[in-house]
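Analysis of the macromolecular model
Spelled out from the first residue to the last, the chains are:
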Amino acid sequence: MNNVSLIGRLTRDPDVRHTQSGHTVARFTLAVDAGRDREANFVPCQAWDKTAEVIEKYIGKGRQIGVSGSLISGSYEDRDSGKKIRTLDVNVARIDFCGSRDDTGTTTAPQERAQDRVRTNTAPRAQAATQRQDGPLAGFMDIDDGFPEDLPFN
């Protein structure tokens, strides 16, 4: 079985080209976290047709995505040495967006957006609590658990 699933960030904008036969191909490199105290793995990827068009339109340098596909091997001859160089790429069949559209991993904006969500999510919770106290559910689930009500996971 030849299945690959990776999550990583694009090292640069994808290189998108159109073949003479009308197909679209997007080539990019995905930087995948290798784990604790290790450098990232840089994985060359390619996507074709509709997947390539989505990548061209929505994905750029630094964007975190998930890819699924298969490994494909290839080779070419080095111009200088004449040696045969073997390659291993991921042929991307599916992409998944991880993170927000403008999350490029280069700023602290995601943390700021998370704080904004915490602030904006407390208002509906406070409104629901008021409705419980006044409405037909008065007293229902009013259990003091010792945690402040403004925590994002309550």
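Report on the accompanying structure. Keep in mind that what you see is a predicted model, and the values were worked out from it rather than measured.

Here's the deal with the packing of aromatic side chains
One pass over the full model with this rule turns up one aromatic pair. Ring centres of Y58 and F97 lie 6.3 Å apart, and the angle between their planes is 90°; this geometry places the pair in the edge-to-face category. Here F97 lies in strand β6 (residues 84–97) and Y58 lies in helix α1 (residues 49–58), a separation of 39 residues in the sequence. Among the residues examined, Y58 registers a relative accessible area of 41% and is labelled partly exposed. Owing to a relative accessible area of 40%, F97 belongs among the partly exposed residues under this scheme.

Notes on unusual backbone geometry
Even without being glycine, D37 reaches a positive phi, approximately 60°. Looking at where D37 falls in the secondary structure, it is placed in the loop between β3 (24–32) and β4 (41–48). Positioned with a positive phi, D49 is a non-glycine residue whose angle comes to about 55°. Considering the arrangement of structural elements, one finds D49 in helix α1.

Here we look at the nonpolar core
Counting residues in each nonpolar core, the largest one holds 19 residues, and the members touching the most others are L6, F28, L30, V67 and V92. Those elements that provide at least two residues to this core are β1 (4–10), β3, β4, α1, β5 (64–77) and β6. The contacts of L30, once residues within four sequence positions are left out, are L6, G8, R9, L10, N41, F42, V43, C45, I65 and V67.

Focus on the pattern of salt bridges
Applying the stated rule across the entire model yields two salt bridges. Here D15 ties to R17 by a salt bridge, and the two come within 3.2 Å at their closest N and O atoms. Here R94 and D96 are joined by a salt bridge, their closest N and O atoms 2.9 Å apart. Among the residues examined, R94 registers a relative accessible area of 48% and is labelled partly exposed. Judged by its relative accessible area of 28%, D96 is partly exposed.

Topic: α1
Of all the positions in α1, only T51, A52 and I55 are classed as buried. The buried residues of α1 occupy an angular sector of 100° when projected down its axis, which confines them to one face. Along α1, exposed side chains directed more than 90 degrees from the buried face belong to K50 and K57. Contact partners of the buried residues in α1: β3, β4 and β6.

About the cut-offs
The written sequence of each chain sets the order in which its residues are numbered from 1. Residue-level local features of this predicted model are given only where pLDDT is at least 70; pairs of side-chain atoms are given and counted only at 80 or more, and the full residue set underlies all totals for whole chains, interfaces and linings. Heavy atoms throughout the structure, all of them, feed into the side-chain values; hydrogens and water do not. We call Phe, Tyr and Trp rings a pair once their centres come within 6.5 Å, taking the six-membered ring for Trp, and we label the pair stacked below 30 degrees between planes, edge-to-face above 60, and tilted otherwise. Counting from the N terminus, the helices are DSSP H or I runs at least four residues long and the strands are E runs at least two residues long. For each residue, the accessible area found with a 1.4 Å probe, counting protein chains only, is set against the maximum for its type, and the residue is called buried under 20%, exposed over 50%, and partly exposed in between. Among buried residues, the Ala, Val, Leu, Ile, Met, Phe, Trp, Tyr and Cys ones that are joined through side-chain atoms within 4.5 Å form a nonpolar core. Pairs of residues are marked as contacts when any of their non-hydrogen atoms sit within 4.5 Å. One side-chain nitrogen of Lys or Arg within 4 Å of one carboxyl oxygen of Asp or Glu is enough to make a salt bridge. Starting at the helix axis, one direction is taken to each C-beta atom, and the arc is that of these directions.

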